[in-house]
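Analysis of the macromolecular model
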Amino acid sequence: MAANETVAVPRTATESPVQPLEERQGEGHGRRLTAAFEALEGFPALAEARNRLLALVGNHRIPLADVVETVEADIALVVAVLRFANEAPGRGGARIENIPDAVRVLSPEAVHQLAERMRTFDYFERSAVWEGAPDRFRLHALATRAAAELLAVEIGYPDRDRLIVSALLHDIGKAIDHEVEGTHVDLGMKLLKKYNIAEAVIEAMQSHHDDYPYARPEAYVVTAADVLSAARPGARRGTLENYVKRLADLEKIASDFAGVKSAYAIAAGRELRVFVVPEKVDDFRALELAREIANKIQTELKYPGEIKVNVIREMRAVEYAR
């Protein structure tokens, strides 16, 4: 006899005296997700890239290659240009997958008008809305893009332009994973679909943590580029100690409950597996224990997204035939 009970820990709970618990949680998640998407509408462009773009488009003769290069230097500009190009009136056919095609559809003048309306952000700036060290998020995206471009040249990959977009946007879900439950990969996929980004771009970014199958060749390049970016000197400075402490805190919370034999934080702290003593914890208690551990984590720790609590009760019966 074995029980394997799983509970996902949300960052916040929505309560109502009338609706069933599952329905309340689903509606609460939907509202938080919508609010997070709306907040991201104002995700600011890097001031340096935006000002450079405005200066370029202000000239009488506008080199298309320079406009493309400047847009590709910033995540917010990439999202905005692709989004508005795919939503351009009278446009039909397949969705645009890269910045050169998007700039041609919009025209450099339209890109100029779009950039004028965008909020800006300077490196190392902090604000109440974007307090999650956005400079590090942007630097990782740009480093992943640079690594992807080098790999593409090395292996002779033909579709450089689409690969650049996929590499830049592979971690876009991290912009909102501190607001709602879900992995940054899943949130990023939802966000890109909402913004009408081409399916080929989504398929290229969805596999960089092996959460989804590799649907196209550039998905392997994006994954390799992500690893190279994370391994660059200084990329993880100041985060290793916090990471180790968070894993230890998770395991300690579970181990403090009676009947727990061992606890292991896995998947970079996104899942906690708790093994219990079957003689002390029955199936019904395993259900209660999963909920109690989840509630304690939610009360005592700060974390992005959600943490899955997996309580495992295993009973083995052994006999020998002689």
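Each value, and the rule that gives it
- Just so you know, the residues in each chain are numbered from 1, in the order the chain's sequence is written.
- In keeping with the model being predicted, local features are shown solely for residues with a pLDDT of at least 70 and side-chain atom pairs are shown and tallied solely at 80 or more, while totals for entire chains, interfaces and linings include all residues.
- Excluding hydrogens and water, the side-chain figures rest on all heavy atoms present in the structure.
- Only DSSP runs of H or I reaching four residues or more are called helices, and only runs of E reaching two or more are called strands; each is numbered from the N terminus.
- We call a residue buried when its accessible area falls under 20% of the maximum for its residue type, exposed when it is over 50%, and partly exposed in between, using a 1.4 Å probe and counting protein chains only.
- Strand pairing is assigned whenever DSSP detects at least two bridges linking the two strands.
- Throughout, nonpolar core names a set of buried Ala, Val, Leu, Ile, Met, Phe, Trp, Tyr and Cys residues whose side chains join them through atoms within 4.5 Å.
- Contacts are residue-level and defined by heavy atoms, with any inter-residue pair within 4.5 Å sufficient.
- Angles shown run from 0 to 180 degrees and are taken between the N-to-C directions of axes, each axis being a line fitted to C-alpha atoms and, for helices, limited to the stretch in contact.
- Roughly parallel refers to an angle under 35 degrees, roughly antiparallel to one over 145, roughly perpendicular to one between 65 and 115, and oblique to any angle outside these ranges.
- In a left-handed crossing the near helix is turned counterclockwise from the far helix by less than a right angle, and in a right-handed crossing that turn is clockwise.
- Residues are grouped as follows: nonpolar covers Ala, Val, Leu, Ile, Met, Phe, Trp, Tyr, Cys and Pro; charged covers Asp, Glu, Lys and Arg; every other residue, Gly included, is treated as polar.
- The term salt bridge refers to a side-chain nitrogen of Lys or Arg lying within 4 Å of a carboxyl oxygen of Asp or Glu.
- Aromatic rings from Phe, Tyr and Trp, taking only the six-membered ring of Trp, are treated as a pair when their centres fall within 6.5 Å; an angle between ring planes under 30 degrees marks them as stacked, one over 60 as edge-to-face, and anything in between as tilted.
- This arc describes the spread of directions from the helix axis toward the C-beta atoms.

1. Describing unusual backbone geometry
The phi torsion at Ser-107 lies on the positive side, around 85 degrees, for a residue other than glycine. Take Ser-107: it is sitting in the loop between helix H5 (99-106) and helix H6 (108-117). Positive phi is not limited to glycine here, since Asn-196 has a value of about 65 degrees. Topologically, Asn-196 is positioned in the loop between helix H9 (184-194) and helix H10 (199-205). Judged by its relative accessible area of 24%, Asn-196 falls in the partly exposed class.

2. A short note on the pairing of strand S6 (residues 307-314)
Among the eight residues in S6, six count as buried, and that is most of the element. Pairing of strand S5 (residues 271-276) with S6, which is carried by six bridges, proceeds in the parallel orientation. Its bridge partner lying in S6, Leu-272 is registered against Val-309.

3. Re the nonpolar core
Counting 43 residues, the largest nonpolar core has Val-71, Val-78, Val-81, Leu-82, Ile-99 and Val-111 as its most contacted members. Residue contacts for Leu-82: discarding those within four places in its chain leaves Ile-96, Glu-97, Asn-98, Ile-99, Ala-102, Val-165 and Ile-197. Membership of the second largest hydrophobic core comes to 23 residues, among which are Leu-250, Ala-254, Ala-263 and Ala-286.

4. A few points about the packing of helix H8 (residues 160-169) against helix H11 (residues 217-230)
Where H8 contacts H11, the axes come no closer than 10 Å and their chain directions differ by 45 degrees. The angle between the axes of H8 and H11 places the two elements in the oblique class. The crossing of H8 and H11 is right-handed. Together, Arg-162, Leu-163, Ser-166 and Ala-167 of H8 and Glu-218, Val-221 and Val-222 of H11 make up the contact between the two elements. Its residues placed into classes, the contact of H8 with H11 shows four nonpolar, one polar and two charged.

5. Here's the deal with the pairing of S5
The pairing of strand S4 (residues 260-266) with S5 spans six bridges and is classified as antiparallel. Counted as the bridge partner of Ile-266 is Glu-271 from S5. Between the end of S4 and the start of S5, which pair antiparallel, lie four residues, with Ala-267 showing a positive phi angle near 55 degrees.

6. What to know about the pattern of salt bridges
The tally for this structure, following the rule as stated, stands at 18 salt bridges. Here Arg-160 makes a salt bridge to Glu-72, at a shortest N to O gap of 3.1 Å. Taken together, the residues Arg-160 in helix H8 and Glu-72 in the loop between helix H3 (64-71) and helix H4 (75-86) connect sequence positions 88 residues apart. Residue Glu-72 is classed as buried on the basis of its relative accessible area, which comes to 2%. Linking Lys-245 and Asp-249 is a salt bridge whose minimum nitrogen-to-oxygen distance equals 2.9 Å. Linking Lys-245 with Asp-249, this pair stays in helix H12 (residues 240-255), spanning four residues, or about one helical turn. Judged by its relative accessible area of 23%, Asp-249 falls in the partly exposed class.

7. Brief notes about the packing of aromatic side chains
Under the criterion given, the structure shown has two aromatic pairs. Note on Tyr-214 and Tyr-220: the rings are 4.3 Å apart at their centroids and 10 degrees apart in plane angle, and the pair reads as stacked. Accessibility expressed as a relative area gives 52% for Tyr-220, which makes it exposed. Residues Tyr-264 and Phe-275 carry aromatic rings whose centres are separated by 6.1 Å and whose planes lie at 70 degrees to one another, so their mutual orientation is edge-to-face. Placement of Tyr-264 in strand S4 and of Phe-275 in strand S5 is noted, with a sequence separation of eleven residues between them. By relative accessible area, which is 44% here, Tyr-264 ends up partly exposed.

8. Quick word on the packing of H4 against H5
For any two helices packed against each other, one specifies the crossing angle of their axes together with the interaxial distance. Relative to each other, H4 and H5 sit at 55 degrees, their axes nearing to 9 Å. When the axis of H4 is compared with that of H5, the two are oblique. For the pair H4 and H5, the sense of crossing is left-handed. Taken together, the residues of H5 that come into contact with H4 (itself represented by Val-78, Val-81, Leu-82, Phe-84 and Ala-85) are Ile-99, Ala-102, Val-103, Val-105 and Leu-106. Each residue belonging to the contact of H4 with H5 can be placed in one class, and the counts come to ten nonpolar, no polar and no charged.

9. So, H6
For H6, the full list of buried residues reads Pro-108, Val-111, His-112, Leu-114 and Ala-115. Each buried residue of H6 lies within a common arc of 165 degrees when the element is viewed along its axis, so the set occupies one face.

Structural measurements only, silent on function.
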